[in-house]
Amino acid sequence: MNKHQDPAQKVTSADEALKLLKEGNARFVSNNLVPAAYKESLEKTATQQSPFAAVLTCADSRCPPEIFFDQGIGNIFVVRNAGNIADREAIGSFQYAAAVLKSQIIVVVGHTECGAVINAHAGASGLPGELQGMLDDIAPGIKGADSKENAIIANTKAQVEILKNNPAIKETGVPVYGAHYDLASGVLTWL
Ligand SMILES: [Zn+2]
């Protein structure tokens, strides 16, 4: 592909959406990005959107999904928070993406060196403000993980399960995938 997926053209299957994401990450990893056509995309998306995929990833500045999936404006619907937690806001957002915008897949992407998960795994306690509650949301899903890397993967899988088992998400029939992003190489591994 020599340009981004046309944001005005609907993707109608999960397989196709997954393929587009895999191809985008391959382009990113090989430094073979397609040229951005933002101006053209603005015109096509000013009053409508049909993002083919919905993505939950960490707020970490080093894992921007539009970049590591090499996607343009209008292609992916993104929710980000520290630890890529499928909280109420994320679930509601994805319910909207799947049911109304017709996104074909939901993908949860965790990443190496995720500070939120590493701190939850280390058993951090008594943190001020909302920090502790955030780590407490991560803790149940990583119980028993024997390394920080395994804790990060366990967290991603736990968030996938939360989304998969949510009745409103289930009702849309949209599949939920997990992936692990390597900050050093830019490579995404599907779980
Ligand atoms: Zn993170």
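No experiment lies behind these values; they were computed from the predicted model shown.

**Looking at the sheet that holds strand 4 (residues 176-181)**
Move 1: Across the sheet, which stays open at both edges, the five strands sit in the order 2-1-3-4-5 with mixed pairing between neighbours. Each edge of the sheet is formed by a strand with only one pairing partner; in this case those strands are strand 2 (76-80) and strand 5 (188-190). Taken pair by pair, the neighbouring strands of this sheet meet at an average axis angle of 25 degrees, ignoring direction.
Move 2: With five bridges joining them, strand 1 (residues 53-57) and strand 2 adopt parallel strand pairing. What sits directly across from A54, in strand 2, is F77.

**Things to note about helix 1 (residues 14-29)**
Move 1: Along its 16 residues, helix 1 runs 23 Å from first to last C-alpha, staying within 8% of the 22 Å computed at 1.5 Å per residue.
Move 2: Residues of helix 1 that are buried: A17, L20, L21, G24 and N25. Buried residues along helix 1 cover an arc of 130 degrees about the axis, so they all sit on one side. Every exposed residue of helix 1 that faces more than 90 degrees away from the buried side is listed here: D15 and K19.
Move 3: Packed against the buried residues of helix 1 are strand 1, helix 3 (65-68), strand 3 (105-111) and strand 5.
Move 4: Positive phi appears at N31, one or two residues downstream of helix 1, with a value of about 55 degrees.

What counts, and at which threshold
- Residues numbered from 1 in each chain as written.
- Predicted model: local features only at pLDDT ≥ 70, side-chain atom pairs only at ≥ 80, totals over all residues.
- Pairing = 2+ DSSP bridges.
- Helix = DSSP H or I, 4+ residues; strand = E, 2+ residues; numbered from the N terminus.
- Axes fitted to C-alpha atoms, helices over the stretch in contact; angles between N-to-C directions.
- Expected span 1.5 Å × (residues − 1).
- Buried ≥ 20, exposed ≤ 12 C-beta atoms within 10 Å, placed from the backbone.
- Arc of directions from axis to C-beta.
- Contact = placed C-beta atoms within 7 Å.

Function cannot be read off these values alone, since they describe shape.
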